[in-house]
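Remarks on the overall topology
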Amino acid sequence: MRSWEWARPVRPVRREVLSAVPELEEGRPPLLFVPGFGHGAWAYAENWLGHVAARGFGGYAVSLRGHGASEPAPEATLRAYAHDVVQVAASLPRRAVLVGHGAGALVVAHAMARYPARAAVLVAPVFGGWATFGTALRRNPLGTLPAVFGAGLRLNRRQLFSGELPDADARRYTGRLGRAARRAQWQLLTGADPEPAVGDPPVLVLGSPDDRVVPAAALTRAARRYGSAPLLFPGMGHDLMLDARWREPIDAILDWLVKDPARDDLG
Amino acid sequence: MPTSTEPGRPDPETTTLARGHDGRPVSDRGDTVCVIGAGASGLTAVKNLAEHGFGVDCYERETGVGGAWNWRHDRSPVYASTHLISSRPFTQFPDFPMPDHWPDYPHHSQLLSYFERYADHFDLRRHIWFGTEVVRVEPVGDDRWDVTTRSTGGYGPERTSRYAAVVIANGHNWSPKLPRYEGLEQFRGEVMHAASYKDSAQLRGKRVLVVGAGNTGCDIAVEAAQQASRCWHSTRRGYWYAPKYVFGRPADQVNDLLLALRVPLRVRQWLYHRTLRLTVGDLTRFGLPKPDHRVYETHPIANSLLVYHVGHGAITPVPDIERFHPHSVELTDGRHVDPELVVFATGYLPRFEFLDGKLLGDDEGVGRPRLWLNALVPDHPTLAVTGLLQPDSGIFTLAHWQAVLFARLLRLRVSRPERAAAFAARVRAGAGERYSGQVKDSTRHWFEVGHADYLRALERALRELESK
Ligand SMILES: Cc1cc2nc3c(=O)[nH]c(=O)nc-3n(C[C@H](O)[C@H](O)[C@H](O)COP(=O)(O)OP(=O)(O)OC[C@H]3O[C@@H](n4cnc5c(N)ncnc54)[C@H](O)[C@@H]3O)c2cc1C
Ligand SMILES: NC(=O)c1ccc[n+]([C@@H]2O[C@H](COP(=O)([O-])OP(=O)(O)OC[C@H]3O[C@@H](n4cnc5c(N)ncnc54)[C@H](OP(=O)(O)O)[C@@H]3O)[C@@H](O)[C@H]2O)c1
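Residues numbered from 1 in each chain as written. Chains lettered and ligands numbered in written order. Predicted model: local features only at pLDDT ≥ 70, side-chain atom pairs only at ≥ 80, totals over all residues. Heavy atoms only, no water.

As recorded in an unreviewed UniProt entry, chain B goes by the name Monooxygenase, listed as coming from Micromonospora sediminimaris.

A short note on the overall build of chain A
To keep it simple, the criterion reads: Numbering of helices and strands starts at the N terminus; helices are DSSP runs of H or I of at least 4 residues and strands are runs of E of at least 2. Atoms counted for the radius of gyration: C-alpha only. Globule rule: 2.2 Å times the number of residues to the power 0.38. Only protein chains enter the accessibility calculation, which uses a 1.4 Å probe; a residue whose area is less than 20% of its type maximum is buried, one above 50% is exposed, and one in between is partly exposed. By definition, residues are in contact when any of their heavy atoms lie within 4.5 Å. Working definition of accessibility: Shrake-Rupley area with a 1.4 Å probe, residue cover restricted to the visible protein chains. Positive charges come from Lys and Arg alone, negative charges from Asp and Glu alone, with His and the N- and C-terminal ends not counted. To locate a charge, the coordinates of NZ of Lys, CZ of Arg, CG of Asp or CD of Glu are taken.
Secondary structure assignment for chain A yields twelve helices and seven strands. Here chain A has a C-alpha radius of gyration of 17 Å; the compact-globule value for 267 residues is 18 Å, and the two agree. Projected onto its principal axes, the C-alpha coordinates of chain A cover approximately 50 × 50 × 35 Å. Relative to its 267 residues, chain A shows a buried fraction of 58%. Pairs at least 24 residues apart make up 73% of the contacts formed inside chain A by residues separated by at least 6 positions. Accessible surface computed for chain A: about 10900 Å², of which carbon and sulfur atoms make up 54%. Measuring between centres, the 32 positive side-chain charges of chain A sit 7 Å from its 25 negative side-chain charges.

Description of empty space enclosed by the protein
Using the following cut-off: Every definition here rests on a 1 Å grid over the protein atoms only: cavities are sets of points where a 1.4 Å probe fits but cannot get out, pockets are open sets enclosed by protein on both sides within 12 Å along at least five of seven lines, and lining residues have some atom within 4 Å of a point. Grid points are joined across faces, edges and corners, and a volume is the space filled by probe spheres set on the points. Under the scheme applied here, ten amino acids are nonpolar (Ala, Val, Leu, Ile, Met, Phe, Trp, Tyr, Cys and Pro), four are charged (Asp, Glu, Lys and Arg), and all others, including Gly, are polar.
Enumeration according to the criterion identifies three cavities of 30 Å³ or more in this entry. Around the largest cavity, the lining is made up of 23 residues, and of these A:Phe37, A:Val126, A:Ala136, A:Leu153 and A:Leu188 lie nearest the centre. The element contributing the most residues to the lining of the largest cavity is helix α10 (residues 182-190) of chain A, with four residues. By volume, the second largest cavity amounts to about 40 Å³. Lining the second largest cavity are B:Ile168, B:Ala169, B:Asn170, B:Gly171, B:His172, B:Phe352, B:Val385, B:Thr386, B:Gly387 and B:Leu388. Of the residues belonging to the lining of the second largest cavity, the class tally is five nonpolar, five polar and no charged.

A few points about the pattern of salt bridges
Going by this rule: Salt bridge, as applied in this entry: a Lys or Arg side-chain nitrogen positioned within 4 Å of an Asp or Glu carboxyl oxygen.
Under the criterion given, the structure shown has 41 salt bridges over all chains. For A:Asp84, the salt bridge is made with A:Arg15, and the minimal N-O distance between the two is 2.8 Å. With A:Asp84 in helix α4 (residues 78-91) and A:Arg15 in the loop between α1 (3-7) and β1 (17-20), this pair connects stretches of sequence that are 69 residues apart. Residue A:Arg15 is classed as buried on the basis of its relative accessible area, which comes to 19%. If you follow the salt bridges from partner to partner, you end up with B:Arg61, B:Glu62, B:Asp74, B:Glu133 and B:Arg150 in one network.

Digging into the interface of chain A and chain B
Let me state the cut-off plainly: In short, buried area is how much 1.4 Å probe accessible area vanishes from two parts on joining, totalled over both. Whenever a nitrogen or oxygen atom comes within 3.5 Å of another N or O atom, the pair is scored as a polar contact, on the condition that within protein one atom can donate a hydrogen and the other can accept it, and that pairs from neighbouring residues in sequence are kept only if both atoms are in side chains.
At the junction of the two partners, chain A supplies 28 residues and chain B supplies 30 residues. Approximately 2200 Å² of surface area, both sides summed, lies buried where chain A meets chain B, with 59% of it carried by carbon and sulfur atoms. There are one salt bridge connecting chain A and chain B. A salt bridge links B:Asp100 to A:Arg15; the nearest nitrogen and oxygen atoms lie 3.2 Å apart. Scanning the region where chain A abuts chain B turns up nine residue pairs in polar contact (both at pLDDT 80 or more). At the level of elements, α1 and α4 of chain A are the ones that each hand at least two residues to the side of chain A that touches chain B. With six residues, α4(A) is the largest single contributor of residues to the side of chain A that touches chain B. Tallied by class, residues from the side of chain A that touches chain B come to 15 nonpolar, five polar and eight charged.

Notes on the side chain of B:Arg88
All names here are of chain B. Relative to the assigned elements, arginine 88 resides in helix α2 (residues 88-91). Despite its burial, arginine 88 pairs with no opposite charge; the closest candidate is aspartate 100, at 4.0 Å N-O. Here the side chain of arginine 88 touches proline 99 through a polar contact of 3.3 Å, landing on its backbone oxygen. For arginine 88, the residues in contact, after removing those within four places along its chain, are Met98, Pro99, Asp100, Trp102, Pro103, Asp104 and Pro106.

Here's the deal with the site of ligand 2
All names here are of chain B. Our working definition: Nearness here has a simple test: a residue counts as near a molecule or strand if at least one of its heavy atoms is within 4 Å of that partner. Where each domain begins and ends follows an automated or database-derived domain assignment.
With respect to spatial proximity, 25 residues lie near ligand 2, and among them Thr216, Arg236, Tyr239, Gln390 and Ser442 are the closest. Here a nitrogen atom of ligand 2 and a backbone polar atom of isoleucine 85 are 3.2 Å apart. A distance of 3.4 Å separates an oxygen atom of ligand 2 from a polar backbone atom of glycine 214. Summarising the interface, the protein chains cover 90% of the accessible area of ligand 2, which totals 910 Å² for the free molecule. Looking at which element gives the most residues to the shell around ligand 2, the answer is helix α4 (residues 215-227), with three residues. Class assignment of the residues belonging to the shell around ligand 2 gives a composition of nine nonpolar, eleven polar and five charged. Of the domains in this structure, domain 1 (17-175 + 349-466) and domain 2 (179-345) are the two that each give at least three residues to the shell around ligand 2.

Brief notes about the sheet that holds strand β4 (residues 97-101) of chain A
All names here are of chain A. The condition that has to hold: At least two bridges found by DSSP between two strands is the condition for calling them paired. A fitted line through C-alpha atoms represents every axis, and for helices the fit uses only the stretch in contact; the resulting angles, taken between N-to-C directions, go from 0 to 180 degrees.
One open sheet holds the seven strands; their spatial order is β1-β3-β2-β4-β5-β6-β7, and the pairing between them is mixed. Bordering the open sheet on either side are β1 and β7 (231-232), each of which pairs with just one other strand. When strand β6 (residues 203-207) meets β7, the two strands line up parallel, connected through two bridges. Across the sheet, the residue bridging to glycine 207 is leucine 232, located in β7. Strand contacts of helix α5 (residues 103-111): β2 (31-34), β4 and β5 (119-123), with the helix running at about 145° to β4, the strand carrying the most contacts. Packing against the sheet, helix α11 (residues 216-225) makes contact with β6 and β7, and its axis sits at approximately 175° to β6.

Details of the packing of aromatic side chains
Residues and elements named next belong to chain B. Defined as follows: For Phe, Tyr and Trp, where Trp contributes only its six-membered ring, two rings pair if their centres lie within 6.5 Å, and the inter-plane angle classes them as stacked under 30 degrees, edge-to-face over 60, or tilted in between. We count a charge as sitting over a ring when the NZ of a lysine or the CZ of an arginine lies within 6 Å of the ring centre and within 35 degrees of the ring normal.
Applying the stated criterion to the full structure yields 31 aromatic pairs over all chains. Judged by centre distance (5.7 Å) and plane angle (55°), the ring pair of tyrosine 79 and tyrosine 197 falls under tilted. Placement of tyrosine 79 in the loop between β4 (56-59) and α2 and of tyrosine 197 in the loop between β10 (190-193) and β11 (207-211) is noted, with a sequence separation of 118 residues between them. There is no split in this pair, since tyrosine 79 and tyrosine 197 are both buried. Here a set of aromatic residues connected by ring pairs shows up, and it is made of Phe93, Phe96, Trp102, Tyr114, Phe115, Tyr118, Phe122 and Phe396. A cation over an aromatic ring shows up here: arginine 268 above the ring of tyrosine 296, its NZ or CZ 5.1 Å from the ring centre.

Describing the packing of helix α8 (residues 396-415) of chain B against helix α9 (residues 417-430) of chain B
All names here are of chain B. Note the cut-off: Angular relationships are summarised with four words: roughly parallel below 35 degrees, roughly antiparallel beyond 145, roughly perpendicular across 65 to 115, and oblique for the angles in between.
Relative orientation of the contacting elements α8 and α9 amounts to 135°, with a least axis distance of 5 Å. Of the possible angle classes, the one that applies to α8 and α9 is oblique. Taking contact as the criterion, the partners of Leu409, Leu412, Arg413, Val414 and Ser415 in α8 are, on α9, Pro417, Arg419, Ala420 and Phe423. Of the residues in the contact of α8 with α9, the class split is six nonpolar, one polar and two charged.

Section: the site of ligand 1
Residue and element names in this part refer to chain B. Neighbouring ligand 1 are 29 residues, the closest being Ser41, Glu60, Ala68, Asn173 and Ile395. At 3.2 Å from a nitrogen atom of ligand 1 is found a side-chain nitrogen or oxygen belonging to serine 86. Between ligand 1 and isoleucine 395, the relevant distance is 2.7 Å, taken from an oxygen atom to a main-chain nitrogen or oxygen of the residue. Among the secondary structure elements, those contributing two or more residues to the shell around ligand 1 are α1 (40-51) and β6 (132-139).

Quick notes on a positive patch on the surface
Threshold: Each patch is assembled from residues with relative accessible area greater than 30% and no salt bridge, linking like charges that lie within 9 Å and nonpolar side chains (Val, Leu, Ile, Met, Phe, Trp, Tyr) that lie within 5 Å.
A surface patch of positive charge is lined by A:Arg138, A:Arg139, A:Arg158 and A:Arg212. Secondary-structure assignment places A:Arg212 in the loop between β6 and α11.

With respect to the pairing of strand β3 (residues 59-62) of chain A
Residues and elements named next belong to chain A. Going residue by residue along β3, you find Gly59 and Ala61 tucked away on one face and Tyr60 and Val62 tucked away on the opposite face as well. Here β1 runs beside β3; their pairing, made up of four bridges, is antiparallel. From the neighbouring strand, alanine 20 faces β3, where its bridge partner is glycine 59. Summarising the sheet, β2 and β3 pair through three bridges and their orientation is parallel. Bridge pairing links leucine 32 to tyrosine 60 in β3.

Below you can see the structure in the form of structure tokens.
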């Protein structure tokens, strides 16, 4: 029994949800995009949401509490973030596909234990633990180390984007980065594994072998957790939805949703 | 043809024809599971069975989902002012939360919209035949069931379909429990059961006697205090009237904090009594009887307003009714009162009129089945009842896990029959088990469950099923 969830429900907050829906409703499942730590719904609104709608799917992106234009929440935990995701998913007209990026993928994995998603997609998932921390520390010691002591984790543009992204864009994006709550960051390092997913959703893992946040081995590990192999997009940075070749991964996700043989009811 | 105002599912394709007991044609629905009722418990059964890969046919006598919470349904016990008594986290399905911006204790119209959204979100309506009533459920050997239906109201022909399993989710708050009194027939005033109470306009300007102090009786007494010209509230014992908020939070959440901390029952009772004493104080000063039990030993009442109106003198507490006279009601203390309207808020009785009571171990046919976890039926592994619970929380979470358990059990019957058979012995051994602390003996308390005890027992059962 989930005693604490009954006794101490997560504090309600106002959440930012950006969306792009197709003109013609075609009965396809809506996609709910969950940004990673420091990112807001805006990261998906740049490119992916519009593209998804153009291909006939409803696209929604939520800013986790304390991010983007959602209410500030310095006390937030992973559980509160997962609550945000499930709240938005349950408000959509139909069973949603959850798409999480970076640490947002871990939030999605937690949310999947509380909501029977139609399917889930983990993009460059950061499942935390000390190994990920080690990588981040090696690549960007100045941005990473202070995070252990409660400061915001800072990612630099070399970690996030490939060289193909125009300078101005990269600067604009990094300028918008915020930070996750201290407790949530700490839980990313030390927190418990997500509970098993409910409703047995198919899971797709994708990322880039040249990601400077998530090493290729971590991608393989995450995919193995769900009994598959990762789909790879060489030459891209960690932020696949903002990088210059953002179109390729999102097209692959939508193709998977349409074609995945295990999901013949997806329509 | 079912009369359907909702886009429910079309007629079943009549598959292989079999013959029933009496030679009637039966359409064989193969591995499909039948769910009776599309109230909260039925909906979650449909959802969880479908999620576990089963075909599902659900029959609903009304034209919409939501059961009791659709107050336009002719059998709905809900009245215009009904708000939840269990706060949101206690009431919602565990995998489909109510919106954050809703109040702690939502209104019944919000509950209905919640169930409608649940049905749409999980695309459940395609499994449901609306306007179709189940009139008979019979075992046919091989643990399969013949379910006979017809259009609600008895129009049109009956049709029988054969199912691999049946979930009974017909609700237990629709068949009024009416006490009998000497002289009631001669009484000249108006008499009604709370089941037909819909709106406080029915009380306006009248002298009203409300009988019973379940949550219904208390709500109606509070409305009578504001609308009627006089309100007597008759109870056959004293109760603990719990406020909806304590210490700045919904009271049930505070209680669960203590449960989560594993504070023993005795200590919780003491704390509770203490809190009430420090706030509303000793209620006998208002003429309310002293409770004959400790708190948590009767189904909890969550009502902050009853005591308030008693304190205003707008509700006069009176004891049990002795008998009726043509123009007055005699109370057990010898007093007479002269109401124009008597409302019996004396509760409801479970009823399974489409099924031989013996199948559920209800040998006397009084609506008191003998089940394990209030859901699983000894010797009938493919039959289950859901929602037959009177929890000290919302029902829906519990009904959800009941459905999950039954779905997994059915799946196990296919994948590992020998394990499922072993589990059947467990069901037999556990039949009649109770999941609450000590409760007062009353017709309403035999299926009272403490939600924490109950969910833990269910969790153990799920683990047993998975692990053996
Ligand atoms: C005034 C009031 C307030 C309540 N407040 C709360 C609360 O705050 N929290 C809480 O958890 N519970 C509350 N309850 C308890 C309530 O019973 C449950 O909330 C809930 O309605 C139970 O759902 P159910 O699906 O089991 O039954 P129901 O909602 O009664 O649904 C049963 C459905 O089965 C259908 N049906 C019945 N027989 C047949 C048949 N033979 N063939 C086809 N269809 C059939 C009915 O039409 C109905 O739609 C309250 C009850 C009342 C009376
Ligand atoms: N959300 C809400 O606001 C709300 C509102 C109403 C109801 N509900 C729920 O709906 C369910 C039904 O509630 P209910 O209030 O209708 O029924 P109930 O809980 O069964 O209460 C019936 C009341 O009538 C009394 N009673 C029964 N038979 C009697 C008799 N022969 N003579 C005198 N008194 C008699 C009972 O006394 P005893 O104590 O002796 O049994 C009890 O006080 C409950 O689960 C309840 O929590 C919720």
